[in-house]
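# Understanding the architecture of this molecule
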Amino acid sequence: MELEEIDKSKPSKLTKSNKIYNAQHLVFIGVIIGLIYLYNFNYYIFHGTAEIFSCIIAGGIFMISFSTYQFTKNNFFMFLGIGYLFVLVVDVFHTVSFGDLLLSTHFVYDLDTRLWVVARGLELITFLFSFIYLYKPNTKLNGYLVFISYFAVTLFLCLDIFIFDSFLPPMRLKETGITNVKVYFEYVASLGFIICCLLLYFARKKIDKSLFILLEISLIFKVFSELAFTLYFSFTDHYNMVGHILKVISYYFAYMGIIVNGLQRPFEMIKIENDNKIKEKEKQRIYMEEVISQNELCYDWIIDNSSNGIVIVRGGKLVYANSTALSMLGAKDLYDLIDKAVTEFLFDSSIDLKAIVDDSESPNFKEITLLKVNNNETIDVEYSVNRITYRGNPAHLVLLKNLELYKEINYLRSYLSEKKAELSKSKEYNRVLTEFFSNISHDLKTPINVILSAVQLLAIKKESENYEDFSMQLNKLMKIIKQNSYRLIRLVSNLIDMSKVDSGFLKLELKNQNIVSIVEDITQSVGEYIRAKGVNIIFDTDTEEKILAVDSDKIERIILNLLSNAVKFTDKEDEIFVTIQDEDNSVKIIVRDTGIGIPEEKLRIIFERFSQVENSLTRNKDGSGIGLSLVKSMIEMHGGKISVNSQEGLGSEFIIELPVNLIEDNNECEQGQNLGTNSRIDSILIEFSDIYSIN
Ligand code: ADP
């Protein structure tokens, strides 16, 4: 039954041997029957045959384990083998001493029984210790030490039995038959072999299944054999015979397990030894396969989900494209691309494909325009080509970067930074505007307050009876009222002009006029005021006449604004230069001063509206910061431009460049056509209202 199961579990390997096995079993059954027959015929021959049978198997176990050790390195078998060698030796002594067969009765009476006990004891110890190597296959086995130990123990016990008779107690007595010691020993041996059965059962996974079953059966028969030996009285009685028959059966199964397996299936034996290692290796292999397959899945995933297009080309044809490449080339699936020639995708058909391939391994990406599969659309990409082995054959891997995407990203980036800049500009504008309105309200309130205070003071003085005091105060207060009124007018007219510029209502009244005389007149008109502040003003020109179409009112405001700034930011003993340069097609008007200058970082915003260079600086010099922006607007309305050079501490230079334009419907060339004297004085007083107390 058991063997059939074994056969089923290893059908391919054992089928050929089945017949041999069956024959062996038959022979064995014959042997058992023969032994029983011999027992009835002659007990000694029965005993001798049974023991020799066991000895041959014990010798076989030793031979097999010893000779296969160099291949199997199986310490379990090796230990069993060494143990059985000594069991064999003692059993041989037992066999030949049985019934005074060969050894003389000069020795102890129960010589054969004592030798039997020693042999069984050695056998039990051998089994028990051998499990160490089954449970812990890596435990080192020192064969020589084990051999010497067995030799010493066996020698000691044999010497005791044969010579000294002092250590082992009698096992069988002439009168009473087997002693209690012998009976107890057999019980202990039975128990020991039961333990061996259990130990083997728990270690069943560590050995070949068929070997386990055969060894287990062998051990079970050993247990029953030992129990049978507890019962006999005379060694020729039935219990003794049954004990021996069971022992022979036990050895037969051991023979089947160890010797037959060892001889007929040596590789299976090796497998048993290396089973754990092989299992470990198998586990590693499965694990590695899993890792590799997971890696492959991972690579596939990475390749397929790469943001770059990946195309594999062999023999000028596409053999693979990832999903990004599919969408870049406008393909629905791989079949739209597979086996298509690369040239079909080149927008510029003159491109030399060979040169591209030759240039593979170059790390640089190059730009190219590709045709999509529908042939109507194109896509700009960057590509790089690398040689690879694809499915065992050489191929080229082409990486494609979608430039449209990059372009779009770059566009969005620049759009974003533009918007950010606009936002910060608008924030800054808001800040400046808020500041401007707070300045403006201050600038508006200050002269009004001054005027109001002056009027209130006049009202008080008028009530006073001291007329002289009143008329003295009247003049002084009138001047204050006048100057502050000018300041208000300047500010309000600047604001009005500013809104006119914004709404496009500021118009020029152009007339062909001599710009030199206009500028010279204005300079002279303010000369008196400027010099009164201790600042010298010098006018210089390289031409006396330069006719161009200008709005003299605006030119006057421009020059007055520049001069009032120059005066504002100069101190006593500084100088102001007004220079005119004829540049044929244009004329340059330069207003230079040796005043405090303008810090470099502020120069670029000086013409922007509300650009008070430095609050701390400008707040003590009144001004709204509209002047220069209006100047710039008015110059630009003339088609000209204005620039500034300045160095802090050294002074500033404003350069106006006006183009020489003439208008046709100007009937007469009005030279020096200026505003009336009073009007000019008003303009000066208005423009210089921040600077002077009006006399
Ligand atoms: P406002 O209308 O208040 O006079 P402007 O627009 O004319 O203002 O001038 C703007 C700012 O430019 C001034 O507040 C001053 O800081 C600076 N600025 C203009 N001209 C000069 C100059 N000649 N020297 C030094 N700073 C100057």
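It should be emphasised that the depicted structure is a prediction, and the values quoted were computed from it without experimental measurement.

Let us now look at the overall build of the protein chain. Within the protein chain one finds 20 helices and 14 strands. When contacts within the protein chain are restricted to residue pairs at least 6 apart in sequence, long-range pairs at least 24 apart make up 70% of them. For the protein chain, the computed accessible surface area is about 37700 Å², with 59% contributed by carbon and sulfur atoms.

A word on the environment of Arg-531. Following the sequence through the fold, Arg-531 ends up in helix 15 (residues 515–532). Placed 42 residues apart in sequence, Arg-531 and Glu-573 show a C-alpha to C-alpha distance of 9.4 Å. Apart from the residues within four sequence positions on either side, Arg-531 is in contact with Asn-536 and Ile-537.

Moving on to the nonpolar core. Core analysis: the biggest nonpolar cluster contains 81 residues, and Phe-46, Tyr-84, Phe-127, Phe-193 and Leu-200 have the highest contact counts within it. When residues of this core are traced back to their parent elements, those giving at least two are helix 2 (11–41), helix 3 (43–72), helix 4 (75–97), helix 5 (111–135), helix 6 (143–164), helix 7 (180–202), helix 8 (209–229) and helix 9 (238–264). The residues touching Phe-127, leaving out its near neighbours within four places in the chain, are Leu-80, Tyr-84, Phe-193, Cys-196, Leu-219 and Lys-222. Listed in part, the 47 residues of the second largest apolar core include Leu-491, Ile-598, Met-634 and Ile-635.

Looking at the element boundaries, Asn-402 is found in strand 7 (residues 393–402). Accessibility expressed as a relative area gives 15% for Asn-402, which makes it buried. If near-sequence neighbours (up to four positions away) are discounted, Asn-402 is found in contact with Met-328, Ile-379, Asp-380 and Val-381.

Another aspect to go through is the environment of Lys-572. Checked against the element boundaries, Lys-572 lands in the loop between helix 16 (552–568) and strand 11 (575–582). Taking relative accessible area as the criterion, Lys-572 reaches 65% and is therefore assigned exposed. In this structure the C-alpha to C-alpha distance between Lys-572 and Asn-536, which are 36 residues apart in sequence, comes to 8.5 Å. Each residue touching Lys-572, except ones within four places of it in the same chain, is listed here: Lys-533 and Gly-534.

Across the interface, helix 5 lies against helix 7 with an axial gap of 10 Å and an inter-helix angle of 20°. For the element pair helix 5 / helix 7, the angle class is roughly parallel. Relative to helix 7, helix 5 is oriented so that their crossing is left-handed. Contact residues: Thr-113, Trp-116, Val-117, Arg-120, Gly-121, Glu-123, Leu-124, Phe-127, Leu-128, Phe-131, Leu-134 and Tyr-135 in helix 5; Lys-182, Phe-185, Glu-186, Val-188, Ala-189, Gly-192, Phe-193, Ile-195, Cys-196, Leu-199, Leu-200 and Phe-202 in helix 7.

With that settled, consider the sheet that holds strand 4 (residues 317–321). Spatial strand order, 4-3-7-6-5: five strands in an open sheet with antiparallel pairing. Each edge of the open sheet carries a strand with a single partner, namely strand 4 and strand 5 (366–371). For this sheet, the mean inter-axis angle between neighbouring strands, taken without regard to orientation, is 40°. Judged from the four bridges that link them, strand 3 (residues 309–314) and strand 4 form a sheet pairing that is antiparallel. Counted as the bridge partner of Ile-312 is Tyr-320 from strand 4.

Procedures and definitions
- Residues numbered from 1 in each chain as written.
- Predicted model: local features only at pLDDT ≥ 70, side-chain atom pairs only at ≥ 80, totals over all residues.
- Heavy atoms only, no water.
- Helix = DSSP H or I, 4+ residues; strand = E, 2+ residues; numbered from the N terminus.
- Contact = heavy atoms within 4.5 Å.
- Areas by Shrake-Rupley, 256 points an atom, 1.4 Å probe, with all protein chains shown as cover.
- Core = buried A, V, L, I, M, F, W, Y, C linked by side-chain atoms within 4.5 Å.
- Buried < 20%, exposed > 50% of the residue type's maximum accessible area, 1.4 Å probe, protein only.
- Axes fitted to C-alpha atoms, helices over the stretch in contact; angles between N-to-C directions.
- Parallel < 35°, antiparallel > 145°, perpendicular 65-115°, else oblique.
- Left-handed = near helix turned anticlockwise from the far one by under 90°.
- Pairing = 2+ DSSP bridges.

Remember that the coordinates give geometry; whether it matters functionally is a separate question.
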